[in-house]
Amino acid sequence: MPKVEFHFDFGSPNAYLAHLVIPEIEQRTGVKFEYVPVLLGGVYKLTGKPVPRLRASPASRTSPTTSASRRRASSNATGSLASGRTRSFPVNTLTIMRGAIAAQKLEVFERYVDEIYRHMWSEPKKLDDPAVLREVLLESGFDANRFAELVQDPEVKAQLLDNTERSVARGTFGSPTFFVGDEIFFGKDRLRDVEEMILATR
């Protein structure tokens, strides 16, 4: 089986839409995507790109690999991006991306990703507000005090930086970015190509 990676930052709406589709691709191909947290601000800094303004993507541009149910989910998510519910954005994702590294250490990574994405896009909240983030973590059943400690841990900070630098060194310039082996694909609209590459490589 090929190694398939999803390099993501919670701040990217297109990465969120890709996250909704990935489980179906995993089911069809039998390949598990490896989620790699990167800091999008760091990617832009390292590549010299300006930080783009938040812009919702039309539901019609979701990946053609989605089923009807996933298209509905993506449409609902995109709808929230285009509504007034996005008034708290953009959100500085530094803390929640460090939180993703912390979640890996605490072995709650997959649930953390699902919950942060839910509170970021499905039920939008200003997650760079420490009080809001603490409330979200508690609501989702996480140890908020432990997360608060770990996001300040030098090893956690260094791991996120290392992830970001390594990703950029491999060609990443935004989120979502996918790798099938050493082959790079950028954007949720490339998920069909990702799936085809997985099947061809397998």
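Above: the structure in question.
Residues numbered from 1 in each chain as written. Predicted model: local features only at pLDDT ≥ 70, side-chain atom pairs only at ≥ 80, totals over all residues. Heavy atoms only, no water.

## Considering the overall build of the protein chain
So the rule is basically this: For helices the rule is a DSSP run of H or I covering at least 4 residues; for strands it is a run of E covering at least 2, with both sets numbered from the N terminus onward. Contact criterion: two residues are considered in contact whenever any of their non-hydrogen atoms come within 4.5 Å of each other. In this description, accessible areas are obtained by the Shrake-Rupley approach with a 1.4 Å probe, and a residue is regarded as covered only by the protein chains that are shown.
Each helix and strand counted, the protein chain has nine helices and four strands in total. Across the protein chain, helices and strands are ordered from the amino to the carboxyl terminus as β-α-β-α-α-α-α-α-α-α-β-β-α. Partitioning the intrachain contacts of the protein chain with sequence separation of at least 6 by distance along the chain shows that 75% fall at a separation of at least 24. Carbon and sulfur atoms make up 49% of the accessible area of the protein chain, which amounts to about 10100 Å² in all.

## Re the packing of helix 4 (residues 94-105) against helix 8 (residues 154-169)
Operational definition: To get an axis, fit a line to the C-alpha atoms, keeping to the stretch in contact for a helix; angles then go from 0 to 180 degrees between the N-to-C directions. Roughly parallel means an angle under 35 degrees; roughly antiparallel, over 145; roughly perpendicular, 65 to 115; everything else is oblique. The classification used treats Ala, Val, Leu, Ile, Met, Phe, Trp, Tyr, Cys and Pro as nonpolar, Asp, Glu, Lys and Arg as charged, and all other residues, Gly among them, as polar.
Following both chains from N to C, one finds helix 4 and helix 8 inclined at 105°, their axes separated by 9 Å at the closest point. Classified by the interaxial angle, the pair formed by helix 4 and helix 8 is roughly perpendicular. Mapping the contact onto sequence places L94, M97, R98, I101, A102 and K105 in helix 4 and E155, V156, K157, Q159, L160 and N163 in helix 8. Classifying every residue of the contact of helix 4 with helix 8 gives six nonpolar, two polar and four charged.

## A short note on the nonpolar core
The following threshold applies: The term nonpolar core refers to a set of buried residues drawn from Ala, Val, Leu, Ile, Met, Phe, Trp, Tyr and Cys, joined through side-chain atoms within 4.5 Å. Each residue is placed in one exposure class: buried if its accessible area under a 1.4 Å probe, protein chains only, is under 20% of its type's maximum, exposed if it is over 50%, and partly exposed if it falls in between.
Of all hydrophobic cores here, the largest spans 46 residues; its most connected members are F6, F8, F10, F33, Y112, Y117 and F178. Here this core gets eight residues from one element, more than from any other, and that element is helix 1 (residues 13-29). In contact with F6, not counting residues within four places along its chain, are A15, A18, H19, I22, F33, E34, Y35, V36, Y117, P176, T177 and F178. Judged by nonpolar contacts, the second largest core, of six residues, contains V36, L40, V43 and Y44.

## Focus on the sheet that holds strand 2 (residues 33-37)
Rule in force here: Strands are treated as partners if at least two bridges between them are detected by DSSP.
Reading across from one edge, 2-1-3-4 is the order of the four strands in this open sheet, with mixed pairing throughout. With one partner strand each, in any of the chains shown, strand 2 and strand 4 (183-186) form the two edges of the open sheet. Ignoring which end each strand starts from, the neighbouring axes of this sheet average 25° apart. Where strand 3 (residues 177-180) lies against strand 4, four bridges are found, and the strand directions are antiparallel. Bridge pairing in strand 4 links V180 to E183. Here helix 9 (residues 191-201) sits on the sheet and contacts strand 1 (4-8), strand 2, strand 3 and strand 4; the angle it forms with strand 3, its principal contact strand, is near 10°.

## Re the packing of aromatic side chains
Quick note on the threshold: Only Phe, Tyr and Trp rings are paired, with Trp represented by its six-membered ring, and only when their centres lie within 6.5 Å; those with planes under 30 degrees apart are stacked, over 60 edge-to-face, the remainder tilted. Placement of a charge over a ring requires the Lys NZ or Arg CZ to be within 6 Å of the ring centre, with the centre-to-atom vector within 35 degrees of the ring normal.
Here the structure, examined in full by the defined rule, presents 15 aromatic pairs. Ring centres 5.4 Å apart and planes at 40° place the aromatic pair Y16 and Y117 in the tilted group. Of this pair, Y16 sits in helix 1 while Y117 sits in helix 5 (residues 109-122), placing them 101 residues apart in sequence. Y117 shares its class with Y16; the two are buried. What links up through ring pairs into an aromatic cluster is the set F6, F8, F10, Y16, F33, Y35, F109, Y112, Y117, F142, F147 and F178. Seen from the ring of F179, R170 lies directly overhead, with NZ or CZ sitting 3.8 Å from the centre.

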